[in-house]
Amino acid sequence: MNNGGSFFSHIKRIYLAVSEDCNLNCEYCYAKKNKLNITRKKLDGVLKLFGDVGEIVITGGEPLKNFDAVEYIVKTAKKRSPKIEITLLTNGLLINKRIIEFLRRNKVKIRVSFDGNLRANSKRKDVKGNNQQIRMVKILSMLKNYPGLTIRMTVHPDFSKC
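In this report, the structure presented in the accompanying data block is examined.

Analysis parameters
The numbering scheme is per chain: residues are counted from 1 as the chain's sequence reads. For this predicted model, a pLDDT threshold of at least 70 governs which residues receive local features, and a threshold of 80 or more governs which side-chain atom pairs are given and counted, while totals over whole chains, interfaces and linings are taken from all residues. Heavy atoms throughout the structure, all of them, feed into the side-chain values; hydrogens and water do not. For helices the rule is a DSSP run of H or I covering at least 4 residues; for strands it is a run of E covering at least 2, with both sets numbered from the N terminus onward. The buried label applies to any residue whose accessible area, calculated with a 1.4 Å probe on protein chains only, is under 20% of its type's maximum; exposed applies above 50%, and partly exposed to all values in between. Note: two strands are recorded as paired if DSSP finds a minimum of 2 bridges between them. Axis definition: a line fitted to C-alpha atoms, over the contacting stretch in the case of helices. Angles run 0 to 180 degrees between N-to-C directions. Roughly parallel means an angle under 35 degrees; roughly antiparallel, over 145; roughly perpendicular, 65 to 115; everything else is oblique. Note: crossing handedness is left-handed where the near helix turns anticlockwise from the far helix by less than a right angle, and right-handed where it turns clockwise. Only heavy atoms enter the contact rule, under which two residues are in contact if any of them lie within 4.5 Å. In this classification, Asp, Glu, Lys and Arg are treated as charged, Ala, Val, Leu, Ile, Met, Phe, Trp, Tyr, Cys and Pro as nonpolar, and every other residue, Gly included, as polar. Buried residues of nine kinds, namely Ala, Val, Leu, Ile, Met, Phe, Trp, Tyr and Cys, make up a nonpolar core once their side-chain atoms join them within 4.5 Å.

1. What to know about unusual backbone geometry
Phi is positive for Lys107, close to 55°, though the residue is something other than glycine. The topology assignment puts Lys107 in the loop between helix H3 (97–105) and strand E4 (109–113). Overall, the relative accessible area of 67% leaves Lys107 in the exposed class.

So this is what it looks like as structure tokens:
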């Protein structure tokens, strides 16, 4: 992804928040709770500005709430630079077989947030207040052979009681 020697050409990794919306309502979360999604026009501008970047990390809120943007970033970035590393940072709960296949085909790494042991993770609630612990275990099971899968853990003071 050459941008012609941009001022930002020394930047090696960018984090792109494609949505501020989330399917969870965790009491300890620092993320904003609104429905804003990034537009393709803004994505084009960012991808052009940071054209020489070596890695893109797609984040949110929950980025899979705006999967169209995730697909667009992956396709556009891979077209410009086939060897670029792309990582999706997700809570994992919206992952399905179609999304897994798209990410695998495009060699996108997945980083799932999983907040401690099962008891600590039980503090994660969807927007209706439902515990997502069992669903999370099923999602992680679906991803057990996914290449490049990592776990990201948010440690909260209350977790020490778990």
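On we go from here.
2. With respect to the pairing of strand E3 (residues 85–90)
Along a regular strand, successive side chains alternate from one face of the sheet to the other. Counting buried positions along E3 yields five of six residues, so the element is predominantly enclosed. Bridge count for strand E2 (residues 55–59) against E3 is four bridges, and the pairing is parallel. Its bridge partner lying in E3, Glu55 is registered against Glu85. Two elements, E3 and E4, share four bridges in a ladder whose sense is parallel.

3. Some points on the packing of helix H1 (residues 40–49) against helix H2 (residues 67–80)
For any two helices packed against each other, the geometry is given by the interaxial angle and the distance between the axes. Packing of H1 against H2 leaves a shortest axis separation of 11 Å and a crossing angle of 30°. As judged from the angle between their axes, H1 and H2 are roughly parallel. In this structure, H1 meets H2 at a crossing whose hand is right-handed. Where H1 abuts H2, its residues Arg40, Leu43, Asp44, Leu47 and Lys48 lie against Ala69, Tyr72, Ile73, Thr76 and Arg80. The residue makeup of the contact of H1 with H2, split by class, is five nonpolar, one polar and four charged.

4. Observations regarding the pairing of strand E1 (residues 13–17)
A one-sided burial pattern is seen for E1, the buried positions being Ile14 and Leu16 and the unburied ones Arg13, Tyr15 and Ala17. Two strands pair when backbone bridges link them, and E1 and E2 are joined in this way by five bridges, in the parallel orientation. Bridge assignment links Leu16 to a residue of E2, and that residue is Ile58.

5. So, the packing of H2 against H3
At their nearest, the axes of H2 and H3 sit 11 Å apart, and the two run at 15° to each other. Judged by the angle between their axes, H2 and H3 are roughly parallel. You can see that H2 and H3 cross each other, and the crossing is left-handed. Mapping the contact onto sequence places Phe67, Glu71, Val74 and Lys75 in H2 and Arg98, Ile99 and Phe102 in H3. Per-class residue counts for the contact of H2 with H3 are four nonpolar, no polar and three charged.

6. A word on the nonpolar core
Core analysis: the biggest nonpolar cluster contains 37 residues, and Ile56, Ile58, Leu103 and Leu143 have the highest contact counts within it. Elements with a minimum of two residues in this core: E1, H1, E2, H2, E3, H3, E4 and helix H5 (133–142). If you tally residues by element for this core, the top one is H2, at seven residues. The residues touching Ile58, leaving out its near neighbours within four places in the chain, are Leu16, Val18, Pro63, Val70, Ile73, Val74, Ile86, Thr87, Leu88 and Leu89.

7. Regarding the sheet that holds E1
Strands belonging to one sheet form pairs held by backbone hydrogen bonds; the direction of such a pair is parallel or antiparallel. Read across the open sheet, the five strands follow the order E1-E2-E3-E4-E5; overall the sheet is parallel. The sheet terminates laterally at E1 and strand E5 (149–152), the two strands that pair on one side only. Neighbour-to-neighbour, the strand axes of the sheet open up by a mean angle of 20°, direction not taken into account.

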